[in-house]
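Tertiary structure, described
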Amino acid sequence: MTLTPAPPAAVVAQTRTAPPRKRSRSRTRFAPYLFVGPAVVLFVLFMLVPIIYAAYLSFTSYKIQGGGILGTKSLVFAGFDNYVSVLTDPALASGFWHLGLYSAIAVPLTLGLALLFALLLDTPGVRATRFGQTAIFIPYAVPGVIAALLWGFMYLPSTSPFSYITKALGWGPIPFLESSGIFGSIANIAVWGGVGFNMIIIYTSLRSIPAEIYEAARIDGANERQIALRVKIPLVIPALLLTGIFSVIGALQLYSEPTTLKPMTDIISQTWVPLMTIYRNAFLTDDLPGAAALSVLLAVGTVALSGLVLWISNRRTKGAQS
Amino acid sequence: MKKSKILSAVAAIGVSAVLLSGCSGGTGGTGDSAGGKVTLDFWSWAPNTQSLVDTWNAANPDIQVNYTDAGGGKDSSAKLLTASRAGNAPDVAAVEYPTLPSLIVADVPLDITDLVSDVTDKYDEGTLSQTTFDGHIFGLPQDIGPMAFFYRSDLLEQWGIPVPTTWAEFKTAAAAVRAADPSAYLASLPADQWAFYAGVANQAGSKWWSVKDNTWTVGIADDASLEVADFFQGLVDEDLISTDPILTPEWNAKANSGTMLSWPAGLWAPGVIEGVAPDTVGKWSMSAFPEWTPGDPAVAYQGGSSVIVTKDSDHPEEAAKFIKWLNASEEGANLLLTVQNAYPAAISGQEDAKASAPPALMPQQTDFYELAAKVSANAIPVTWGPNVNVAESAFTDELNKAINAGTPWRDAFTAVQKIVVADMTKSGFEISNK
C-alpha cells in the first residue's frame, strides 16, 4: 500500500473526508452496541432475570405460617433440600429412562430421514424439488399440540383408521397407546414435525458444496450413489452435527406430545418425562421451588450435553485438518 | 374524508389503548372511572355463564362484570394460583370445593365472612360448611354435585338387567353386561377419576382428611378405603369394568355406540353426557347411587363449585355483592338452574328445581329433581385437606401404576397416603398419623 504512490485527487478526497470519517469511526464503534442492544435487553429481561429468579427459588420452600387450621404458606430458605428431594425422586430416573427410549427412536429416525430426503432432493435430474421440499416441510408448520391431538384420534382403538383396518382383518386394534407402542407412537408425532426442519438445514448445506467437487468425482468415475455416500455426507457433517444438537435438545424438551396424549391413556403418568414433572410441581401441586430446582438441573444438563457434543465435533474437525 | 379516517384511526388506537390498559390492569377492579363505576374480572368455566353475567351487567351499570372462561376446574385453579402469585388474579373466581383449602393456604381467597353474613341463611349447613373453615367463610357455594348413578335404561331393560342399588348388585350387573355384549362395559372407572374414588371411600365411611385442634388426620389408607380398593380391583381383575380414561374420543364413541352403559358421577353429569353423546338423548336415566350397606342412602359429593373473592381485588364489597346475587339470590340461583343447568347450592334454587323440567339428556325422567333433592338430602359433609392437589396427582399416578403392573390397589392407596402425609409434614402441618 505505502509503495504505491497515491494520486493527488485521492489525497485531496481523503483530507476532505477526514473529519467526517473520524466521526463515523466513533459511530461505527457505537453501532454494534446499538444493533445488539435490543437483543441484549430482551435476553436480560426474559432469559437472565428469570433464570436467576428460578435459581433463587430453587433454594427456598413453602412453609405454613400463622395459626388456625390452615394457615398460609410463605417462602423460607431451604438450602439444598429441593435438590435432594428432586434427585432422590424415583420419578426422575424413570422420566429420563422414558426420554432415553424416546430419543433412541426419534433422533436417529429424524436425522436419517432428513439426510435421506436432502440427498434425494439434491440428486441431479430430480423433478418437483420445490414441491417435495414444501411437502416434507409442511408438517413442521403444524403446532406440536395440534399434531398430537390429530394423532391421538388416529391412535385410539375406536377412532383409529389403522386399527379399523387391522380389526377388519381380524388382528384386533394396534396397541398404539399401550406400553408396547407408546414410545413409537410419540416418536412418530415428533418425527413428522422434525424431519422437514432438519432437511432444510442439511439441504442448504448440500447446495453450498462447490460443483467442481462433484465434477472431479464424476471424472474419477463415481456414480450418484457413491458421490452421495463418499462426497456429500462427509461434507455435510457440520450440518448433521448442528441438527443433531438441535434434535437432542429438542428431545430433552419433550413435553407437548405426551401431555396431549395423556388424557387418552393410563400409560403416561404425570411425571412421564422431566418437563412434565416440572409442570406438575409448578402448577398442579404448587411446589414452585421444587419445579425451579429441577429446571435448573435440566438446564445445566442440557448445556453440558451440548458442550460435550460441540467439543467432540471440534476435536474431530481439528483432527481432520491436521 | 381522509382526515376523518385518520381521526377515527387515532380514536380507535386510543380506545384500544384504554381497553388494553384495562385488561392488563388485571389486579381486579380495573380502575374506577367517572361516576364510581367499577369493573370486576370474573373467571369461571361453567357453560352459559356469560348470559348470567349479561343479566347482571344490564341491571347494574355501576358494577360491570367482565367474564373469562378459564377452562375447567383443574386448569382454572392452576391458572388462578399462578395469577395470584403474580399479583394479578381476577376479582372473582369459581373454585371447586376440594381445591378451596389449598388455595386458602396459598393465600388466594379473601375471608368474606363479614361481607356475606346476610346470606348465610340461604344455604343449608352442610353446603355452607364446604366453604367455611374455622368459622371463616372463604367463598359462596354455587352448585353441588352429590353422587348419583346415570345409566342407559334402554339397554339394561333390553337385556333384562336390574338397575343396581348396591355395589354388590353393581358387580352382578357389570357381569351381566359383559355376558350380554362382550364389547360392552357397564362403566369405566379409571385412576384419573380421583374424585369418584374419594367419593365411594367417603361413602364407605372413610375420612380422607379430618382435623381436630389444628392436628390433621389423613385416612386415604384407612380400613374402609382399602376395602373399597379391594372391591374395585376385584371388578377390574375379573374384567367386569374398564379402566380406560373417560370423556376421551374413545369413551365418547363408546357412549354413543352403546358399549359404555353408565357413569356413576355427580348430579352435573347429564349435561356432560349430552355434550359428548348427543345421539343418546332420551336413552339415559338416573337412579340413586349404589350403596355399600343396603338401606344406607348416604352419598358423597363429587365436584361442585363455589365462587370466591380474591385478595388481589380492589373492590371486595362490589365483588361480594355480585357473588351474592349470582349464588344466593333467588334470581341468580334460578338462572344457575335454568340457564347453566347446574344443581344450585342455594336452598331457593333447589326448591325451584322441584318444579323444573329434567335435564335435556333424560326428558323422560320427570322425577329427576325430586330424586336429586332426595340424593342431596343424604349427602355427607366432607373436609378437604390443604393438599388435595398433591393427593389427586399422586393417586392418579400410583393407581395407574398398579393397574398396569397388576399389583394390589391397596398398595397404591397406601403409597398415596404416604405421599400426602410427607407433603403435609414438609409444609409444616401437624399430623396425628405420620
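Refer to the structure above for everything that follows.
Here goes a summary of the coordinates provided. (Residues numbered from 1 in each chain as written. Chains lettered and ligands numbered in written order. Predicted model: local features only at pLDDT ≥ 70, side-chain atom pairs only at ≥ 80, totals over all residues. Heavy atoms only, no water.)

Scanning chain A for helices and strands turns up 13 helices and two strands. Within chain A, the proportion of its 322 residues that are buried is 37%. Taking contacts inside chain A between residues at least 6 apart in sequence as the whole, the part at least 24 apart equals 62%. With an accessible surface of roughly 19,000 Å², chain A has 71% of that area assigned to carbon and sulfur atoms. (Helix = DSSP H or I, 4+ residues; strand = E, 2+ residues; numbered from the N terminus. Buried < 20%, exposed > 50% of the residue type's maximum accessible area, 1.4 Å probe, protein only. Contact = heavy atoms within 4.5 Å. Areas by Shrake-Rupley, 256 points an atom, 1.4 Å probe, with all protein chains shown as cover.)

Looking now at helix 7 (residues 167-180) of chain B. Taking 1.5 Å as the rise per residue, helix 7 of chain B with 14 residues should run 20 Å; its terminal C-alpha atoms sit 20 Å apart, in good agreement. The inward-facing, buried residues of helix 7 of chain B contact strand 6 (140-152), helix 6 (153-158), helix 8 (194-203) and helix 9 (223-237) of chain B. (Expected span 1.5 Å × (residues − 1).)

This part covers the pairing of strand 7 (residues 209-212) of chain B. All names here are of chain B. Examined bridge by bridge, strand 7 and strand 8 (residues 215-218) share four bridges and lie antiparallel to one another. Within strand 8, the position partnered with S210 by the bridge is T217. Hairpin geometry of strand 7 and strand 8 is characterised by an intervening segment of two residues between the two adjacent antiparallel strands and by a positive phi of about 50° at D213. (Pairing = 2+ DSSP bridges.)

In this section: the nonpolar core. F150, W209, F232 and F322 of chain B are the most contacted members of the largest nonpolar core, which totals 137 residues. The residues that make up this core include at least three from each of domain 1 (38-145 + 302-380) and domain 2 (147-301 + 383-427) of chain B. One finds V107, I189, I201 and I202 of chain A within the second-largest nonpolar core, a separate group that totals 50 residues. (Core = buried A, V, L, I, M, F, W, Y, C linked by side-chain atoms within 4.5 Å. Domains from an automatic or database assignment.)

Our next topic: the packing of aromatic side chains. Residues and elements named next belong to chain B. According to the stated counting rule, one finds 48 aromatic pairs over all chains in the structure shown. Ring centres of W56 and F322 lie 5.2 Å apart, and the angle between their planes is 65°; on these two criteria the pair is classed as edge-to-face. One end of the pair, W56, is in helix 2 (residues 49-59); the other, F322, is in helix 12 (residues 316-328), with 266 residues separating them in the sequence. Residue classification places W56 among the buried positions, given a relative accessible area of 4%. Its relative accessible area of 0% is what places F322 among the buried residues. Taken together, a centroid distance of 5.2 Å and an interplanar angle of 80° make the contact between F196 and Y197 edge-to-face. Side by side, F196 and Y197 carry an identical accessibility label, which is buried. If you follow R178 out to its NZ or CZ, it ends over the ring of Y185, 3.9 Å from the centre. (Phe/Tyr/Trp six-rings, centres within 6.5 Å; stacked < 30°, edge-to-face > 60°. Lys NZ or Arg CZ within 6 Å of the ring centre and 35° of its normal.)

Residue and element names in this part refer to chain B. Of note in this structure, D107 is not a glycine but carries a positive phi near 65°. Note that D107 resides in the loop between helix 4 (100-105) and helix 5 (125-129). A positive phi angle, close to 50°, is found at D213, a residue other than glycine. The exposure class assigned to D213 is exposed, which follows from its relative accessible area of 71%.

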